[in-house]
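Report on the structure
Given next are the chains, with one letter for each unit.
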Amino acid sequence: MPPLTVYRIEAYYTDMDIKPVHWIGTSLRDLKAMPNMVQDSFGYALHLAQLGRKDSKAKALTGFGSAGVVEVVERDSDGTYRAVYTVRFAKAVYVLHCFQKKSKSGIATLKADMDLIRERLKAAEAHAKGA
């Protein structure tokens, strides 16, 4: 059996299968400032979310009541990076925040980051209702 080609993989999906990604605030710019390996990892997790699937590194972000707000954590030699997105809305994936964890102690996300995520989630909700 010949190996699958990229063309055959792309032909498997239709436009209806893939949700668009919307970047809220500076999330895209912040992602692009991260190391390439981190960008690739987060990009793959977002692609799976577009297909209605979940990356093995993706976990529900505590404090949002459900698995609708998801966090992916990636580590490299320069530190720990996080991407937060939501799949609460049926027609799109919204990337709420991409950042490097600054705190040297504990695993909790800083209050300022959590407040920003909440603010951007409200913006995503407004966009989803208007779209």
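Our subject is the structure that appears above.
So, here is what we can say about the structure in this document. All chains use their own residue numbering, which begins from 1 and follows the written sequence. Side-chain atom pairs in this predicted model are given and counted only at pLDDT of 80 or more, local residue features only at pLDDT of at least 70, and totals for whole chains, interfaces and linings cover all residues. Side-chain measures were taken over the full set of non-hydrogen atoms in the model, leaving aside hydrogen atoms and water.

**As for the pairing of strand β4 (residues 79–86)**
In summary, the side chains of a regular strand alternate between the two faces of the sheet. Counting buried positions over the eight residues of β4 gives seven, a clear majority of the element. Any two strands with at least two DSSP-identified bridges between them are counted as paired. Numbering of helices and strands starts at the N terminus; helices are DSSP runs of H or I of at least 4 residues and strands are runs of E of at least 2. The antiparallel hairpin formed by strand β3 (residues 69–76) and β4 contains two residues in its connecting segment. As paired elements, β4 and strand β5 (residues 93–100) share six bridges and run antiparallel to each other. If you follow T86 over to β5, its bridge partner there is Y94. Connecting β4 to the next strand, β5, in antiparallel fashion are six residues. Relative accessible area decides the class of each residue, using a 1.4 Å probe on protein chains only: under 20% of the type maximum gives buried, over 50% gives exposed, and in between gives partly exposed.

**Details of the pairing of β5**
Counting buried residues in β5 gives seven out of eight residues, a clear majority hidden from the surface. Where strand β1 (residues 21–23) meets β5, three bridges bridge the pair, whose relative direction is parallel. The partner of W23 across the bridge, within β5, is V95.

**Comments concerning the sheet that holds β4**
Spatially, five strands are ordered β1-β5-β4-β3-β2 in an open sheet, and the strand pairing comes out mixed. Strand pairing shows two members of the sheet lacking a second neighbour, β1 and β2 (58–60), which therefore form its edges. Ignoring strand direction, the axes of neighbouring strands in this sheet form an average angle of 30 degrees. Pairing geometry for β3 and β4, over eight bridges, is antiparallel. In the sheet register, V70 faces β4, and the bridge partner there is Y85. In this analysis, two residues are considered to be in contact whenever any of their non-hydrogen atoms come within 4.5 Å of each other. Throughout, an axis means a line fitted to C-alpha atoms (over the contacting stretch in the case of helices), and angles, computed between N-to-C directions, take values from 0 to 180 degrees. Relative to β3, helix α3 (residues 36–50) is tilted by about 155 degrees, and along the sheet it contacts β1, β3, β4 and β5. Set on the sheet, helix α4 (residues 111–130) makes contact with β1, β3, β4 and β5; between it and β5 the angle comes to about 160 degrees.

**Comments concerning the pattern of salt bridges**
In what follows, salt bridge is the name for a side-chain nitrogen of Lys or Arg lying within 4 Å of a carboxyl oxygen of Asp or Glu. Across all of its chains, the model carries five salt bridges by this definition. Among the salt bridges present, the one from K57 reaches E74, with a minimum N-O distance of 2.6 Å. Placement of K57 in the loop between α3 and β2 and of E74 in strand β3 is noted, with a sequence separation of 17 residues between them. One salt bridge connects D115 with R118, and the closest N-O pair in it is separated by 3.9 Å. Taken together, the positions of D115 and R118, both in helix α4 and three residues apart, correspond to about one turn of that helix. Taken together, the salt bridges that share partners define one network made up of K111, D115 and R118.

The values reported here are purely geometric and, on their own, carry no functional implication.
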